[in-house]
Structure formats: structure tokens, C-alpha cells
Amino acid sequence: MTGTADTAHAPVTANGHVDPGFEAVRACFEANLGEVEAGAAFAVHRHGRCVVDLWGGLADVSTGAPWTADTRAQIFSGSKGVVATTLLRLCDAGVLELDRPVARYWPEFAAHGKSAVTVGECVTYTGGLPAVTGHVVDQDLISDARAMAALLADQEPIESPRLVYGPFTMGWIIDELTVRTTGVTLRDFFRTEIAEPNGLAVDWCAWSARDVAAVTYDDAFTSQYDRFNTSEDGLVRAIWANPVPFPRGEVVWNAAGRRDAYIPAANVAGTARDIARMYGLIVEDLHRDGDGPGTVARRSAVREALTLFVRQEDPVLGFPFAYGRGGFRLKGTPRTGVDGDMFGHDGGGGSAHFAWPGSGISLSYTPNRLLDIGNNDHRAGSLIRALKFSLHELESAAA
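To start, this report covers the structure provided alongside it.

Our next topic: the overall build of the chain. Scanning the chain from terminus to terminus reveals 14 helices and twelve strands. Its C-alpha atoms give the chain a radius of gyration of 20 Å, near enough to 21 Å, the size a compact globule of 399 residues would have. Along the longest, intermediate and shortest principal axes, the C-alpha atoms of the chain span 60 × 50 × 35 Å. Sequence separation of 24 or more characterises 67% of the internal contacts of the chain that already satisfy a separation of 6 or more. Total accessible area on the chain is roughly 15400 Å²; 51% of this is exposed by carbon and sulfur atoms. Measuring between centres, the 35 positive side-chain charges of the chain sit 4 Å from its 49 negative side-chain charges.

Our next topic: the pairing of strand β2 (residues 39-46). Within β2, seven of the eight residues are buried, which leaves it mostly tucked inside the rest of the structure. Relative to strand β3 (residues 49-60), β2 runs antiparallel, the two sharing eight bridges. Looking at the pairing, Phe42 lines up with Leu54 of β3. The turn linking β2 back onto β3 is made up of two residues, and His47 within it adopts a positive phi angle of 50°. Strand direction decides the pairing type here: β2 and strand β12 (residues 361-367), joined by seven bridges, are antiparallel.

This part takes up the nonpolar core. Ranked by internal contacts, the top residues of the largest apolar core, which has 89 residues, are Ile173, Ile174, Leu177, Trp253 and Phe343. With near-sequence residues (within four places) excluded, Ile173 lies in contact with Trp106, Phe109, Cys122, Leu129 and Leu152. One finds Cys28, Phe29, Leu363 and Leu383 within the second-largest nonpolar core, a separate group that totals 26 residues.

Moving on to the packing of helix α2 (residues 79-92) against helix α6 (residues 169-182). Running from amino to carboxyl end, α2 crosses α6 at an angle of 30°, the nearest separation of the two axes being 10 Å. Classified by the interaxial angle, the pair formed by α2 and α6 is roughly parallel. Crossing of α2 against α6: the hand is left-handed. Side by side, α2 and α6 meet where Lys80, Val83, Leu87 and Leu90 of the first sit next to Met170, Ile174, Thr178 and Thr182 of the second. When the residues that make up the contact of α2 with α6 are grouped by side-chain class, the tally is five nonpolar, two polar and one charged.

On to unusual backbone geometry, then. Most peptide bonds are trans, and most residues other than glycine sit at a negative phi. With omega at -5°, the peptide bond leading from Ser160 into Pro161 counts as cis. With respect to the helices and strands, Pro161 occurs in the loop between α5 (145-153) and α6. Between Asn242 and the following residue, Pro243, the backbone shows a cis peptide bond with an omega angle of 0°. Mapped onto the elements, Pro243 comes out in the loop between α10 (234-240) and α11 (256-259).

This part takes up the packing of aromatic side chains. Inspection of the entire model under this criterion finds 23 aromatic pairs. Centre to centre, the rings of Trp204 and Tyr262 are 5.7 Å apart; their planes meet at 85°, and the pair counts as edge-to-face. Here Trp204, found in strand β6 (residues 202-204), pairs with Tyr262, found in the loop between α11 and β7 (268-270); they are 58 residues apart in sequence, far enough to count as distant. Note on Tyr262: relative accessible area 7%, which makes it buried. The residue whose ring lies beneath Arg329 is Tyr165, and the NZ or CZ to ring-centre distance is 5.4 Å.

Attention now moves to the sheet that holds strand β5 (residues 73-74). In space, the three strands of this open sheet follow the order β5-β7-β6, with antiparallel pairing throughout. The open sheet terminates on both sides in strands that have one partner only, identified here as β5 and β6. Relative to β7, β5 runs antiparallel, the two sharing two bridges. Opposite Gln74, over in β7, you have Ala269 as the bridge partner.

All right, on to the pattern of salt bridges then. Should the charged atoms of two oppositely charged side chains come close, the side chains can pair. What the rule picks out here adds up to 25 salt bridges. A salt bridge links Arg100 to Glu97, with the shortest nitrogen-to-oxygen separation between them at 3.3 Å. Overall, the relative accessible area of 34% leaves Arg100 in the partly exposed class. Residue Glu97 is classed as partly exposed on the basis of its relative accessible area, which comes to 37%. Note that Lys331 is salt-bridged to Asp339, the shortest N-O span being 3.1 Å. Classification of Lys331 by relative accessible area gives buried; the value is 7%. Here the residues in one salt-bridge network are Glu108, Arg146, Asp175, Glu176 and Arg180, joined through shared partners.

Conventions adopted
Residues numbered from 1 in each chain as written. Predicted model: local features only at pLDDT ≥ 70, side-chain atom pairs only at ≥ 80, totals over all residues. Heavy atoms only, no water. Helix = DSSP H or I, 4+ residues; strand = E, 2+ residues; numbered from the N terminus. Rg over C-alpha atoms; globule rule 2.2 N^0.38 Å. Contact = heavy atoms within 4.5 Å. Areas by Shrake-Rupley, 256 points an atom, 1.4 Å probe, with all protein chains shown as cover. Lys, Arg positive; Asp, Glu negative; His and termini not counted. Charge placed at Lys NZ, Arg CZ, Asp CG, Glu CD. Buried < 20%, exposed > 50% of the residue type's maximum accessible area, 1.4 Å probe, protein only. Pairing = 2+ DSSP bridges. Core = buried A, V, L, I, M, F, W, Y, C linked by side-chain atoms within 4.5 Å. Axes fitted to C-alpha atoms, helices over the stretch in contact; angles between N-to-C directions. Parallel < 35°, antiparallel > 145°, perpendicular 65-115°, else oblique. Left-handed = near helix turned anticlockwise from the far one by under 90°. Nonpolar A, V, L, I, M, F, W, Y, C, P; charged D, E, K, R; others polar. Phe/Tyr/Trp six-rings, centres within 6.5 Å; stacked < 30°, edge-to-face > 60°. Lys NZ or Arg CZ within 6 Å of the ring centre and 35° of its normal. Salt bridge = Lys/Arg side-chain N within 4 Å of Asp/Glu carboxyl O.

This is the structure in C-alpha cells:
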């Protein structure tokens, strides 16, 4: 079922708390909640402390179930940041190396001229595998990670351009590499090495419907994909219509089979509080060096993962992308400011999950109403501007 939120401009009070100095963030969140959201959460950690933890609205517009402190939200391509975090841990442990050919760990991957494609190229969309080509993929098949990995191993890479983003493939590749080198899936490695030791409510959708907010979107959201799905370019159709990530009609992401599915690059769910905390752990790793409690990776491994690898306009989507060597998204257009060193990954429909190491900030915004990109969705941007304002005011008061 598709749907939209009630957009009546009624005053809304958010649940949760903000530390003194972050009142502007609460005001912005409440304005969005009253004007455009179905339900949402926003959390910010600063130097290891949770300074913003807000939630409100409806977790399910069809039943009226409220968003609670423990409601998890699907973050779609924000999942790629969780994949990159797991890869960071794998690299720091010496299990994988970013500059090594994938075929060193997965010999079948060398087929059809891919023997030199590296692990790092696969997570930065520069390895020539933005989509499965030459095979029809349906909504069920994308839940079979082993089958999808086998299809990718047996196809030719595209030759150019250098960077072409795709919604699914990087997750299947890193998952297969994790299985080949550790004997467990990427999901299980993340659970045992990162989530469970740190008490993070972040995982691929393995919870019941009452735990995960129901997604809502309308034709204005799905229509943004029409130009790709009807393109005369076969590669464009392979990326965005094989299968369509958000098909019209029933919201597949609410279906019981999809909630239980494992699609590494696309269906992580978590609380904003704990997704922000995950990025906060990496920020903390940049300010220490060792293997103590809460460590994801040593400082040297984090720095390597965040080093700019590619910055280029995606020829299909038409806007600039930038990726660090380890698969974290960086600023597409460089600029200074409190978030100038930003890394993380946003998600389809409006979610945002990033860290600003120089400011000691990590954040996560998790809505369940998906809006089309561009001018129709200012929610994450407005929250980030309010956060920047709060930080400026706090710094000015301390000066």
C-alpha cells in the first residue's frame, strides 16, 4: 500500500531530548514533523555523548502505531555505510586489503577480464559492476546473496566511464568476500564484531513488523525513476530497472518476505540513535589508537578508508559523487566548515547518516516517508543547518 503523511500544519511535540544549546534542532525537527513527516527520528552524538535524541509521528500510517524510542527504520542505501564500516573492520583485521584484486580471495571473480579489479574499486563504483547485466533479476532473486554474487562473477565489467553508481552490487561483492575469507556472512560478521559488543540496534531487516517502521511513498516518489526505467540505454535499465528499487503499487519494502530478506547494500534497519553511535565509534577511533572496547579499527585503517579515491559526476544520475578508498561517501563538492570532512552514506527517500570528525559529530536521520530527491525534500538539510547553527552558537558562547 502506498500513502502519504497528513500534511496539516498542526503543532507537534517531539519525544526525546536535546542538550542545552541544541534547541534549534528540536524546533526544526518538530516543524518537519508537523508539516511533512509520517514519522521520523534524528540523533546526534558529539565527542561520544548523545546530545540530540528525538523521535515522533507514526511508525505505521495504516494502523496509527506511534514511533517509539526503539523504533527501527529502513535506511536503504544508508546500508552501504554499514557495509563500509564492516569492511573497515575486515581490513583492519588483515582479512581483506583494499588494493588487492577481488579474485585473490574469490577466484571465480576473475572471469571475463576482471582479474585486476580490486576490493576498493568495487566499493567505490569504479570496478565496472554497477548492475547485473545479461540476466533478468526480480524482487525475490535480490534476496539471494549467493546467487547474485555468482551472477556478478560471471559477467564482463563495463569499460567506462570510471564511476557509475548502482543500488545493490557492492553489497553482494563484499558479502561474498566476507564468506570466502571468514566463513560467515557480512551480516554475521557485523553483528559479532561491531553491533553486539557495542549494543547497537542496527541490523539487516530481521525484526518483526512491530519493530520496524512501515515505509510510505507515493507516485511523486516513484516517478523519479521513470526516465531510467524507460531509457534506451541498456546499462541504465540494468542499474535502475533490474529490478526497480521502488516499484509502483505495493510497497515491497513492507512485505514480510522483504523484511526477512538479506540485501547487504539496501535493507539495513536501525534506530537513529545507534546508527549515529556507529559512526561515532569511527570518529573516536580517529582520536585514539588501539584495540580497546568500542574500537572499530585502528586510526591508520580509518584514515586509509576515508582517503579520497574518486570524485566524479555520475553520468546517469547527473550529480557529483565522491568516495573514500573504503567505500564511505564523502562530500561531492569540497567545501570548508564544520562538516568539511564529512563521511558516511545517505539513503533513498531522504535518510542521512554521516560523521564530521573535526567537529566530533556523528548523526543519523531516519524518516519512513520517502520523498523524491532534489527540491521536494529539505528535511535532512534543514536539520543539518540547525545543527550547524547550534554548534556555531555553542562555540561563540565558549569563546
